[in-house]
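Breakdown of the fold
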Amino acid sequence: MSRQAETRLVADLAEQFIDQGFTAGASPERLLQALITAYVAVAETHACCTAAAAGTAQRCADRLTQAAAHQPAASNLH
C-alpha cells in the first residue's frame, strides 16, 4: 500500500470514528483525543512531515497550556 493510500485510509478511519463519536454522544475530550490521534497517525505515515507536525503540535500544546492556566472554559458549553 502506498503512503498516500495509507494516509487516506487513516484519515477515513479517523473521520468514521469521530462521526460515530458525535452520534454516540462522546465527550468533547474523547473527540479531541481522536482528532489528535488521527493527526499523529497521518503525520507518521509521511516521514517528510513528521518533524513539522511535531512542531505544530508542540505550539498548539503550549497555547492550550496557556489558555488552561489563564482562561476558564466557556461556561455556556460545560
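Residues numbered from 1 in each chain as written. Predicted model: local features only at pLDDT ≥ 70, side-chain atom pairs only at ≥ 80, totals over all residues. Heavy atoms only, no water.

Across all of its chains, the model carries one salt bridge by this definition. Residue arginine 8 is joined to aspartate 12 by a salt bridge in which the shortest nitrogen-to-oxygen separation is 2.7 Å. Of the two residues, arginine 8 and aspartate 12 are both situated in helix H1 (residues 3–24); the distance of four residues between them amounts to about one turn of the helix. Overall, the relative accessible area of 28% leaves aspartate 12 in the partly exposed class. (Salt bridge = Lys/Arg side-chain N within 4 Å of Asp/Glu carboxyl O. Helix = DSSP H or I, 4+ residues; strand = E, 2+ residues; numbered from the N terminus. Buried < 20%, exposed > 50% of the residue type's maximum accessible area, 1.4 Å probe, protein only.)

Here we come to H1. In this model, H1 (22 residues) spans 31 Å end to end at C-alpha, consistent with the 32 Å of a helix rising 1.5 Å per residue. Packed against the buried residues of H1 are helix H2 (28–44). The N-cap of H1, judged by a side-chain oxygen 3.0 Å from the amide nitrogen of alanine 5 a few residues on, is serine 2. (Expected span 1.5 Å × (residues − 1). Contact = heavy atoms within 4.5 Å. Polar contact = N/O pair within 3.5 Å; in protein donor to acceptor, adjacent residues only side chain to side chain.)

Bringing the layout of surface pockets into the picture now. In this model, the largest pocket occupies a volume close to 420 Å³. Elements supplying a minimum of two residues to the lining of the largest pocket: H2 and helix H3 (47–70). When residues of the lining of the largest pocket are assigned to their parent elements, the largest contribution, seven residues, is made by H2. Looking at side-chain class alone, the lining of the largest pocket contains nine nonpolar, two polar and one charged residues. (1 Å grid on protein atoms, 1.4 Å probe; cavity = no way out; pocket = protein on both sides within 12 Å on 5 of 7 lines; lining within 4 Å. Points joined across faces, edges and corners; volume = space filled by probe spheres on them. Nonpolar A, V, L, I, M, F, W, Y, C, P; charged D, E, K, R; others polar.)

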